[in-house]
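Structural overview for review
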Amino acid sequence: MWLAMVIPVFGQAAWNNPYPASDDGQNILYSAFAERPKKLDPARSYSSNEYIFIANIYEPPFQYHYLKRPYTLTPLTAVAVPKPVYYDKRDRQLPEDAASSDIAYSVYTIRIRDDIQYQPHPSFARNEAGDWRYHRLSPAEIASLHNLEPLTQTATRTLRAADYVYQIKRLADSRLHSPIFSLMSEYIIGLKELAKSISDARKQTAKDAYLDLNAFELAGAKVLDDVTYQIRIHGKYPQFLYWMAMPFFAPMPFEADRFFSQPGLFEQNITLDWYAVGTGPYMLTVNDPNRKMVLQRNPNFHREVYPDEGEAGDAGRGLLVDAGKELPFIDKVIFSLEKEGIPYWNKFLQGYYDRSGISAESFDQAVRFTATGDTDLTADMKDNGIRLQTSVAASSLYFGFNMLDPVVGGHSERARKLRQAISITIDFEEQISIFRNGRGIVAQGPIPPGIFGFKEGKAGMNPVVYDWREDGPVRKSIAVARQLLSEAGYKNGINPKTGKPLLLYFESTGTGPEDKARLDWMRKQFDKLNIQLVIRATDYNRFQDKMRTGHAQMFTWGWNADYPDPENFMFLLYGPNKKVGNNGENAANYDNPEFNRLFEQMKDMDNSPERQRIIDRMVAIVRHDAPWAWGYHPKQFSLEHSWLYNSKPNLMANNTLKYYRLDANLRTSKREQWNRPVLWPVIVALFLLAAIAVPAISLYRRHELQVRG
């Protein structure tokens, strides 16, 4: 009888389910985070792990089209993406094709939709008299608050143009330490002056007092009416529209700023860094970064529909099935804290996470290489309906030469041919294969795929390093590199001044086992030319100091795009942006007058055939000069389950949760199938236990009867 009662208990499915049974079949997306988000204030955050949340809560006026490539801006809360109007120093309007040198300032007029509401929030609540219900909390009330749950009254209001201008003013508040203030103050007219005015005003007020930024004028940002505002910037800067698609330019209602500015709330950790107030498809309803964070559908979200066009092939991949349907499709997104990769991976395989990246440890379990060198899923992954998504990141990781160095730097034929020889010799295809599991494509220049200016095929090949064959570019032979080395004056790799192999220095901050293997590999690359490579290992701070002072000879560096424009990569080689002397992002300290002239011409242009021709010339110049050995563009791999739909990598957009759709019933079915308890060992153990126990009990009872008798 006892055994019969136990077995049904063990027959219940999915003992390992980390979620409550009430969640089964619910329209919930399950994801994870490894690093605690510290700043959810859109004026302060510039971190990818925070943008996962911020970009799905706050809405700047523009966004990136989810499906189109190259990346294209589209309206979000704005009615349209505006074209700038140009003016000269005498305030006379100029034509669209005016020369940049004639443009004194550009004006952007943004008109927003009039049907957008904020999420429900206590900062909007009013009492019966029409006053703000929670804007004058007493010290005792604040001391008792540990979150916003006791503030049960919430309200909303319509989004206004003034909210966008208010947020731009917040960028100038030194208390917020906005990471883009320095850059934006060079463009937005009057932003520097506003920063000083705010700083002066704060000196005259109490430390925790609310400072109403509506009372301050900003020459470069004006409210024209409830749904229209205008931004004026110095000169011509087409990339400014891309900045306006970032959360820095999302609206901030003054009511929220005023509410969170109440003295004592900061000490209670009740701030905009913890509690967001947006108009986006989701709102943060649980913020427990030691356990989980939850985004829930915003009940006030405005009408937005899934796109009805994209790239060629998107329809065939099922990415247009939901065209025209209202967003978002998913009701709730639960992010659980997962500090380690293996537990995350195992839960993904069990169906408890809907998507997953692929770590080095799990790569072979998930991905195989075909005979042609392409990547494909393993049979086990395919059998479970798992899909592989790949995309090339808008990033460049490169091997750089310090152009100020007396050996590898400069524009002499000797130094140039030395750099070209090294560029041919470092086999980045092999590095990608060995150290990145094939996750990358070799760079042919500074611009990655997906960015205007990048060219495919033979037209995009670097002829200094590669030859074109029928099946694509092939790295030139070591014999070609040795010939260049000889022409540089280092025949057989020998330095004529010393009669010994040429000695070169590579800066590194890597100290782990994988770093050692990578550095040993790098030495072998130089051994091909009989060049002796010395690794100078140092900590990151010392490395940074060497880069700033020009004492590094060779190094590796990288850049992730802030926005999808070639200017954001070409400026890495612009002379006035040198790291030495100017502390810019030109880590190689490259300075070519012709390249600089073309950059200044190209950077302010709209995308056009003429801009492409200039970019082609610039790329040809830097390929010839070889300040970089070019390196590679990382390739991102991700996996998703069969019940998740509309997933397409978008490396510029962060507000993509609203596009996903899932089949929760299929997920429940698969989970039960993959997590059925294996009962037979337990049952066998119980029978064995019973087989042992029954004779023992009989013997005991017989002994008791004998004693009593």
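Below is a short write-up of the structure. Just so we're clear, the structure is a prediction, and the values are computed from it rather than from any experiment. (Residues numbered from 1 in each chain as written. Predicted model: local features only at pLDDT ≥ 70, side-chain atom pairs only at ≥ 80, totals over all residues. Heavy atoms only, no water.)

Thoughts on the overall build of the chain
- The helix and strand inventory of the chain stands at 22 helices and 27 strands.
- Expressed as lengths along the three principal axes of its C-alpha atoms, the size of the chain is roughly 115 × 75 × 50 Å.
- Residues classed as buried in the chain amount to 50% of the 709 residues present.
- Restricting to contacts in the chain with at least 6 residues of sequence separation, those with at least 24 account for 70%.
- For the chain, the accessible area works out to roughly 33,100 Å², and carbon and sulfur atoms hold 52% of it. (Helix = DSSP H or I, 4+ residues; strand = E, 2+ residues; numbered from the N terminus. Buried < 20%, exposed > 50% of the residue type's maximum accessible area, 1.4 Å probe, protein only. Contact = heavy atoms within 4.5 Å. Areas by Shrake-Rupley, 256 points an atom, 1.4 Å probe, with all protein chains shown as cover.)

Things to note about helix α20 (residues 609-625)
- Compared with an ideal rise of 1.5 Å per residue, which puts 17 residues at 24 Å, α20 spans 25 Å between its outermost C-alpha atoms and is within 8% of the ideal.
- Looking only at α20, the buried set comprises R611, Q612, I614, I615, M618, V619, I621, V622, R623 and D625.
- For α20, the elements touching its buried residues are α12 (413-425), α17 (567-570) and α19 (593-602).
- Taken from the residues just after α20, A626 is the one with a positive phi, measuring 55°. (Expected span 1.5 Å × (residues − 1).)

Quick word on the packing of α12 against helix α14 (residues 478-487)
- Running from N to C, α12 and α14 cross one another at 165°; their axes reach a closest spacing of 8 Å. The orientation of α12 relative to α14 falls into the category roughly antiparallel. For the pair α12 and α14, the sense of crossing is left-handed. Of the residues in α14, those in contact with K417, L418, Q420, A421, I424 and T425 of α12 are I478, V480, A481, L484, L485 and E487.
- In terms of residue class, the contact of α12 with α14 is built from eight nonpolar, two polar and two charged. (Axes fitted to C-alpha atoms, helices over the stretch in contact; angles between N-to-C directions. Parallel < 35°, antiparallel > 145°, perpendicular 65-115°, else oblique. Left-handed = near helix turned anticlockwise from the far one by under 90°. Nonpolar A, V, L, I, M, F, W, Y, C, P; charged D, E, K, R; others polar.)

Describing the pairing of strand β11 (residues 332-337)
- Pairing of strand β1 (residues 28-33) with β11, which is carried by six bridges, proceeds in the parallel orientation. For S31, the partnering residue across the bridge sits in β11 and is F335.
- By the bridge criterion, five bridges tie strand β10 (residues 292-297) to β11 in an arrangement that is antiparallel. Note on β11: the bridge partner recorded for K292 is S336. (Pairing = 2+ DSSP bridges.)

Some remarks on the packing of aromatic side chains
- Under the counting rule described, the total for this entry stands at 38 aromatic pairs.
- Both rings, one in W243 and one in Y563, keep their centres 5.6 Å apart while their planes meet at 65°; by these two values the pair is edge-to-face. Highlighted residues: W243 in helix α7 (residues 240-243) and Y563 in the loop between β24 (554-560) and α17, separated in sequence by 320 residues.
- A relative accessible area of 3% means that W243 is categorised as buried.
- By relative accessible area, Y563 is classed as buried at 3%.
- Plain terms: the ring middles of F435 and W521 are 6.2 Å apart, the flat faces sit at 80° to each other, and that makes the pair edge-to-face. Pair noted here: F435 is in helix α13 (residues 428-435) and W521 is in helix α15 (residues 513-527), with a separation of 86 residues, a long-range link.
- Through successive ring pairs, a cluster of aromatic residues spans Y64, Y71, Y242, W243 and Y563. (Phe/Tyr/Trp six-rings, centres within 6.5 Å; stacked < 30°, edge-to-face > 60°.)

Let's talk about empty space enclosed by the protein
- One pass over the full model with this rule turns up one cavity of 30 Å³ or more.
- Lining of the largest cavity is provided by S423, F428, V442, A443, V465, Y466, R475, A629, W630 and G631.
- Classifying every residue of the lining of the largest cavity by side-chain character gives seven nonpolar, two polar and one charged. (1 Å grid on protein atoms, 1.4 Å probe; cavity = no way out; pocket = protein on both sides within 12 Å on 5 of 7 lines; lining within 4 Å. Points joined across faces, edges and corners; volume = space filled by probe spheres on them.)

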